[in-house]
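# Observations on chain architecture
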Amino acid sequence: QVQLVESGGGLVQAGGSLRLSCVASGRFYSTYAMGWFRQAPGKEREFVAAIRWSGGSTYYSDSVKGRFTISRDNAKVMVHLQMNSLQAADAAVYYCAAGPLSGRPLGAADGYYYWGQGTQVTVSS
């Protein structure tokens, strides 16, 4: 089992920045990937960004590419999501996820077995 705890959400003005963090505890393997997904009211959960723990390769959704950066802290088994140039469309509950992918691509939610409780990001115009 892996436990994930997110932090860093909040209220920000459009054009501003926020940094989300997610710390993992439990049986985390270096073969895992960690990712961020988000869900806005009335919408389906969507992929945002992910990183392979071994090697550090990253992948982003087109909607956040160039504005968001995912990074990892190996010592703490923690991932960060730096979000810049935030837009109203970025407002959502952001969920941290971890898992083995098992052949699934980085952007596929079913490759992640463990999920955090979520952290709210609100963007004011």
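Residues numbered from 1 in each chain as written. Predicted model: local features only at pLDDT ≥ 70, side-chain atom pairs only at ≥ 80, totals over all residues. Heavy atoms only, no water.

With the rule as written, the count across this model stands at one disulfide. Disulfide partner of Cys22: Cys96, at an S-S distance of 2.1 Å. Disulfide Cys22 to Cys96: torsion about the S-S bond roughly -80°, handedness left-handed. Taken together, the residues Cys22 in strand S3 (residues 18-26) and Cys96 in strand S9 (residues 92-99) connect sequence positions 74 residues apart. Both residues of the pair, Cys22 and Cys96, belong to the buried class. (Disulfide = S-S within 2.5 Å. Helix = DSSP H or I, 4+ residues; strand = E, 2+ residues; numbered from the N terminus. Buried < 20%, exposed > 50% of the residue type's maximum accessible area, 1.4 Å probe, protein only.)

This part takes up the pattern of salt bridges. Side-chain pairs of opposite charge can arise where the charged atoms are in close proximity. According to the stated counting rule, one finds five salt bridges in the structure shown. Note that Asp62 is salt-bridged to Lys65, the shortest N-O span being 3.3 Å. Of the charged contacts in the structure, one is a salt bridge between Asp90 and Arg67, with a shortest N-O distance of 2.7 Å. With Asp90 in the loop between strand S8 (78-83) and S9 and Arg67 in the loop between strand S6 (58-60) and strand S7 (68-73), this residue pair connects regions lying 23 residues apart in the sequence. For the residue pair Asp90 and Arg67, the accessibility class agrees, reading buried in each case. Within this structure, Arg38, Glu46, Arg67 and Asp90 form a network of salt bridges that share partners. (Salt bridge = Lys/Arg side-chain N within 4 Å of Asp/Glu carboxyl O.)

This part is about the pairing of S3. Put simply, side chains in a regular strand alternate between the two faces of the sheet. Sheet topology note: the strand S1 (residues 2-7)/S3 ladder contains six bridges and is antiparallel. Each residue of the ladder has a partner; that of Glu6, found in S3, is Cys22. Sheet topology places S3 next to S8; six bridges connect them, and they run antiparallel. Looking at the pairing, Leu20 lines up with Leu81 of S8. (Pairing = 2+ DSSP bridges.)

So, about unusual backbone geometry. Located in the positive-phi region is Ser85, a residue other than glycine, with phi close to 50°. Located in the positive-phi region is Leu101, a residue other than glycine, with phi close to 65°. Considering the arrangement of structural elements, one finds Leu101 in the loop between S9 and strand S10 (114-115). For Leu101, a relative accessible area of 3% gives the class buried.

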